[in-house]
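Analysis of the macromolecular model
Okay, here's what each chain looks like letter by letter:
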Amino acid sequence: MTSDLKEPAISPRDPDAAWQDDVRAGVRHVRDLASLPLSPAQRAAAQEAAAGHKVRVPKAYLDLIDWDDPNDPIRAQVIPSPQELVTAEGELDDPIGDHDYSPVPRLTHRHADRVLLFPTYQCAVYCRFCFRKESLTAIGRGYTREALEPALAYIAGHSEIREVILTGGDPLSLPDKALAEIRARIEAIPHVRLLRIHTRVPVALPSRITDGLVAALQGRLMVTVVTHFNHPREITPAAEAACRTMRQAGFVLLNQSVLLKGVNDDVEVLEELCRELMYRLGVKPYYLHHGDLARGMAHRRTTIAEGQALVAELRQRLSGICNPTYVIDLPYGGGKVPLGPSHIEAREGETWRIRGQDGEVRTYTEVVG
Ligand SMILES: *Cc1c(COP(=O)(O)O)cnc(C)c1O
Ligand code: SF4
């Protein structure tokens, strides 16, 4: 028995009724694609493409789609496309090596001080570009208390772990009760200091960010929520309210985006996204991820040189707090490393030639006592 998003509504006055309506009125199964304003050919293509990766889109996110635009950036993120079925040479099932660093089920430990914990492999929305889609296709891997026991025992036995990152799947697709239970178990481990949650719920199902959800996460641990906004059109009044609720609860909010061709590989789009994240939502742009080698995603990947040109321009236009770090998560567990263009032109002994933000090269000679 798993207990993820598909909980029935309890009563119409229940504070959870709003998000449950959003889930119910959205796309939950491949057959629901038939209710969308697609041409018969587009619908057939989407249904066929859905074979490779689950389909789910809450109503709130569907409502952001401009159906008159076949290249709409919101649609591109959630409606299956036949190109997904094309696996290109070099693409990988486990693009960043999660499994190689997994000592027990549902946990990845690659960096000493932090672990990834996978309480569920289900999501509120299934993104077409997901780098974990191979893990998500296995059915029935929702949350159960027993499934997490080995991972919790591992964390308790490794005193170097200070940060537990709930990811998945989407941890905020779980009911409040499950989240409170997981939080309580983690905070009972004395060496853990911070609980981090990687989620697309504030983007795709913002009504889910209720007072009850926030309360379930509050306790001894510092809480950081890392959202996943990819496009400025995702920054809606509902998303703003969700982020305000989390900020008022004292959570630190960061965002990671994935650089996606045809979605946000444009400096105006990225500039507006990063600026509005910080200035309107109070969410600090943290990472901009270069596309990883998930299967069937060649049509959404940019080149690294294109990404570098975009971030160089962003640095010109936006303040430090609005700028994300452009990173690549290397295959086989190499971890995330920055890809931003280097400003160091040359070095001779203690003298460095460094290109300034204005493009001029200046000399810096080290003077140390
Ligand atoms: C991304 C990731 C983290 C978190 O890395 P930060 O740079 O701290 O955000 C931790 N563990 C694994 C395995 C990861 O992939
Ligand atoms: S919410 Fe995250 S884990 Fe789920 S499909 Fe989207 S990118 Fe993948």
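The shown structure was predicted, so the numbers you read here are calculated from the model rather than taken from an experiment.

1. Considering the sheet that holds strand β12 (residues 361-365)
Read from one edge of the open sheet, three strands run β10-β11-β12, paired in antiparallel fashion. Of all the strands in the sheet, just β10 (344-348) and β12 have a single pairing partner and so form its edges. Strand-to-strand, the axes of this sheet are offset by a mean angle of 20°, without reference to chain direction.

2. Regarding unusual backbone geometry
Glycine aside, a negative phi is what most residues show, and trans is what most peptide bonds show. The omega torsion across Gly168 and Gly169 is 15°, close enough to zero to call that bond cis. As for its position among the elements, Gly169 is in the loop between β3 (163-166) and α7 (176-187). Its identity is not glycine, yet Arg106 carries a phi of approximately 70°, on the positive side. Tracing the backbone shows Arg106 in the loop between α4 (73-78) and β1 (107-111). A residue is classified by how much of its surface remains accessible, and Arg106, at 11% relative accessible area, is buried.

3. Section: the nonpolar core
In terms of nonpolar packing, the biggest core is built from 88 residues, with Val164, Ile186, Phe229 and Phe251 touching the most fellow members. The element best represented in this core is helix α11 (residues 267-281), accounting for seven residues. Not counting residues within four places of it along the chain, the set of residues in contact with Phe251 comprises Val214, Leu217, Gln218, Val223, Val225 and Met246.

4. Concerning the site of ligand 1
What surrounds ligand 1 is the set Thr108, Arg110, His111, Arg114, Leu116, Ile165, Arg196, Tyr286, Tyr287 and Lys336. A distance of 2.7 Å separates an oxygen atom of ligand 1 from a polar side-chain atom of Arg114. Contact distances for ligand 1 include 2.6 Å between an oxygen atom and a side-chain N or O atom of Tyr286. Elements represented by at least two residues in the shell around ligand 1 include exactly β1, β2 (114-117) and β7 (284-289). In the shell around ligand 1, the residues fall into four nonpolar, two polar and four charged.

5. Section: the pairing of strand β8 (residues 325-330)
The sheet contact formed by β7 and β8 spans three bridges and is parallel. From the neighbouring strand, Leu288 faces β8, where its bridge partner is Tyr326. A crossover connection joins β7 to the parallel β8 through helix α12 (residues 304-317); in handedness this β-α-β unit is right-handed. Two elements, β8 and strand β9 (residues 335-338), share four bridges in a ladder whose sense is antiparallel. Opposite Leu330, over in β9, you have Gly335 as the bridge partner. Linking β8 back to β9 in an antiparallel pair, the connection comprises four residues, with Tyr332 at a positive phi of about 55°.

6. Here we look at the sheet that holds strand β6 (residues 252-258)
Pairing in this open sheet of nine strands is mixed, and the strands run β1-β2-β3-β4-β5-β6-β7-β8-β9 from one edge to the other. Only two strands of the sheet have a single neighbouring strand rather than two, namely β1 and β9. Taken pair by pair, the neighbouring strands of this sheet meet at an average axis angle of 25°, ignoring direction. Judged from the three bridges that link them, β1 and β2 form a sheet pairing that is antiparallel. Pairing of His111 across the sheet is with Arg114, part of β2. Running at roughly 30° to β1, helix α6 (residues 145-156) makes contact with β1, β2 and β3 of the sheet. Contacting β7 and β8, α12 runs over the sheet at an angle of about 155° to β8.

Cut-offs and rules
- The residue numbering used here restarts from 1 in each chain and proceeds along that chain's sequence as written.
- Going through the entries in the order they are written, you letter the chains from A and number the ligands from 1.
- Owing to the predicted nature of the model, reporting of local features is limited to residues with pLDDT of at least 70; listing and counting of side-chain atom pairs is limited to 80 or more, with chain, interface and lining totals taken over all residues.
- Side-chain measures were taken over the full set of non-hydrogen atoms in the model, leaving aside hydrogen atoms and water.
- In this analysis, strands are considered paired if DSSP registers two or more bridges between them.
- A run of H or I in DSSP becomes a helix once it reaches four residues, and a run of E becomes a strand once it reaches two; helices and strands are each numbered from the N terminus.
- Angular values range over 0 to 180 degrees, each being the angle between N-to-C directions of two axes fitted as lines to C-alpha atoms, with helices fitted over their stretch in contact.
- Exposure is judged per residue with a 1.4 Å probe applied to protein chains only, and the accessible area is read against the type maximum: over 50% gives exposed, under 20% gives buried, and values in between give partly exposed.
- The term nonpolar core refers to a set of buried residues drawn from Ala, Val, Leu, Ile, Met, Phe, Trp, Tyr and Cys, joined through side-chain atoms within 4.5 Å.
- It only takes one pair of heavy atoms within 4.5 Å for two residues to be counted as in contact.
- We call a residue near a molecule or strand whenever a single non-hydrogen atom of that residue lies within 4 Å of it.
- Each polar contact in these results corresponds to two N or O atoms within 3.5 Å; when the atoms are within protein, one needs to be able to donate a hydrogen and the other to accept it, and residues that are neighboring in sequence are counted only if both atoms are side-chain atoms.
- Throughout, the ten residues Ala, Val, Leu, Ile, Met, Phe, Trp, Tyr, Cys and Pro are labelled nonpolar, Asp, Glu, Lys and Arg are labelled charged, and all others, Gly among them, are labelled polar.
- We call a crossover right-handed when, viewed with the strands running away from us, the connection from the first strand over the helix to the second turns clockwise.

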